[in-house]
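Here is how the chains run, residue by residue.
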Amino acid sequence: MTPIATDMPDLSMPAFSEDLPYPRRKRSHHDAIMPLQPLCEGTATLGDHLLNRTADSRPRAIYLHIPFCRRICHFCNMRRMKGSPESRYADLLIREMEAVTRIPYVRDGIYGAVYFGGGTPSTLSTPDLQRILRALKAHFHLTDDVEITLESSLSDLDEDKLRAIMAEGVNRVSLGVQTFHDRGRQLLGRLGEGAWARDHVRRLRALGLDNLGMDLIYHYPLQSDGELALDLDAIAELDLAGFSLYSLMIREKSHLAREYMTHADQTPQTLAREWQLFSRILEAGQRQGFEILELTKMVRPDRDRYRYVALRYQGGDTLPLGAGAGGRLAGMMLMNPLSLEAYARSLEKITDREGMTTRPPYDALYRFIGAIQFGRVELERLPEPARDPVRRRCRQLVERHLLTPVGEDRHILTPKGVFWGNNLAAELAGCAMEQR
Ligand code: SF4
């Protein structure tokens with residue numbers, strides 16, 4: 001995927017207009033695919049679904065879920081548990097690889113990206129990470145240029161561990177920094193002070209991993225301009241390959257919700273502030289040589305292509321491994337059990353695992369939405385009957401300054417369109433669904 005910004009001559013950000021294109025900002029790609037729900041058919045077992053299917057040569061991804069965190073962040077409600085994994089968890093993952101590659105469709109596929117997510121994958125010990133990486137290479141056909149990403153907290157990754165996993169093929173690391181500001185770190189429940197975090201990233205970067213990036217959270221309660229400026233200054237100094245930018249979502253039941261649930265309310269004033277912070281990040285990022293790769297990601301294009309997410313959004317299969325891992329194989333959505341006991345039991349007969357099947361045009365619409373995540377609206381991805389109405393809707397979005405036409409039936413998202421990208425994707429997908 002080409003970064004959106006290569007088509008954007010000018011990223012100068014328009015002033016916020018109170019004439020909101022949508023009443024609420026959708027901040028997650030899960031919101032964008034909601035309109036496709038009627039295309040989910042029902043459950044089937046993995047064995048039945050993959051029986052008689054043969055693998056094609058399109059590259060796939062593997063997602064490994066490590067659902068452990070030493071400390072729970074104050075904003076988090078994800079699929080994870082407190083603590084660190086014992087070696088038994090690595091044993092289970094390797095058993096799962098052995099079991100799942102007995103299915104020809106899985107065994108014969110070509111895998112171009114592996115992603116360790118969580119939770120906090122770096123809570124695994126170095127020997128366990130090494131064992132898992134070696135087992136991946138032993139069980140799957142990985143491409144020569146496979147991208148292997150590890151998400152990591154700062155406190156669980158030291159130089160020795162990073163050196164060891166780089167030697168085993170990890171070539172992309174995403175650090176869960178969130179902010180370098182002390183008040184922000186405390187508020188979000190991150191370990192360590194900002195100066196320590198910055199110094200730690202500097203030391204990891206010195207090991208020569210070119211594709212080292214981080215997560216940045218913005219629009220947290222009472223975030224000042226100075227706090228954001230400190231983060232942008234650190235990103236500039238640390239020579240990162242890219243960074244993800246997430247507007248803080250305060251979910252019910254998270255620690256932060258106790259005190260700051262009203263921060264989740266969206267009003268013209270809060271959206272204006274969110275837009276202001278977002279604009280500053282995009283402008284500073286562009287000045288530093290980053291380009292927008294997808295709705296929540298800026299990269300240096302010669303250093304980070306984020307192949308894992310590109311494969312997913314292009315509709316490629318994603319094999320889920322680990323407790324609580326989600327993925328998709330041959331059009332079937334899968335979610336492994338999160339409890340360790342249930343996960344271990346499910347390995348006894350992996351072909352009995354159940355998933356949700358989908359029916360056409362789910363795949364085509366999913367890829368259409370995936371391209372929007374990368375800043376492009378491409379009508380040729382849609383079934384023919386949906387094109388006319390979506391074309392008309394796109395004209396309205398051009399008038400609302402969310403899209404720019406770049407050719408026949410092709411548009412790119414403006415910076416404002418990137419801000420409202422999940423709304424726009426849900427609107428166009430909903431419009432396409434009406435024409436079935
Ligand atoms: S590291 Fe990630 S998964 Fe773990 S508690 Fe923090 S936000 Fe949640």
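Predicted model only: the values in this text are computed from it and were never measured.

A few words now on the nonpolar core. In a soluble, globular protein the nonpolar side chains are often hidden away together inside. Counting residues in each nonpolar core, the largest one holds 115 residues, and the members touching the most others are Ile62, Ile369 and Ala429. Both domains that furnish three or more residues to this core are identified here as domain 1 (1–41 + 360–436) and domain 2 (42–312). Setting aside chain neighbours within four positions, we find isoleucine 62 in contact with Tyr111, Val114, Phe140, Leu319 and Leu321.

Neighbouring the ligand are the residues Cys69, Ile72, Cys73, Cys76, Met78, Arg80, Gly118, Gly119, Thr120, Ser153 and Gly176. Its residues assigned to classes, the shell around the ligand comprises five nonpolar, five polar and one charged.

Contact geometry of helix H5 (residues 126–139) with helix H6 (residues 159–167) gives a least axis separation of 10 Å together with a crossing angle of 10°. Comparing their axes, H6 and H5 come out roughly parallel. When you trace H5 past H6, the crossing you get is right-handed. From H5, Thr126, Leu129, Gln130 and Leu133 reach across to H6, where they touch Lys161, Ala164 and Ile165. Taken together, the residues of the contact of H5 with H6 break down into four nonpolar, two polar and one charged.

With that settled, consider the confidence of the model for the protein chain. The share of residues in the protein chain with pLDDT of 70 or more is 96%, and the mean pLDDT across the chain is 93. Residue range residues 5–10 is modelled with pLDDT below 50. Its contacts to residues more than four positions away, or to other chains, number seven contacts.

Running from amino to carboxyl end, helix H3 (residues 87–100) crosses H5 at an angle of 5°, the nearest separation of the two axes being 10 Å. As summarised for this structure, H3 and H5 are arranged roughly parallel, according to the angle between their axes. Contacts between H3 and H5 involve Ser87, Ala90, Leu93, Ile94, Met97 and Glu98 on the former and, on the latter, Asp128, Arg131, Ile132, Ala135, Leu136 and His139. Grouping the constituent residues of the contact of H3 with H5 by class yields seven nonpolar, two polar and three charged.

How each quantity is defined
Residues numbered from 1 in each chain as written. Predicted model: local features only at pLDDT ≥ 70, side-chain atom pairs only at ≥ 80, totals over all residues. Core = buried A, V, L, I, M, F, W, Y, C linked by C-beta atoms within 7 Å. Buried ≥ 20, exposed ≤ 12 C-beta atoms within 10 Å, placed from the backbone. Domains from an automatic or database assignment. Contact = placed C-beta atoms within 7 Å. Near = placed C-beta within 6 Å. Nonpolar A, V, L, I, M, F, W, Y, C, P; charged D, E, K, R; others polar. Axes fitted to C-alpha atoms, helices over the stretch in contact; angles between N-to-C directions. Helix = DSSP H or I, 4+ residues; strand = E, 2+ residues; numbered from the N terminus. Parallel < 35°, antiparallel > 145°, perpendicular 65-115°, else oblique. Left-handed = near helix turned anticlockwise from the far one by under 90°. pLDDT = per-residue confidence, 0-100.

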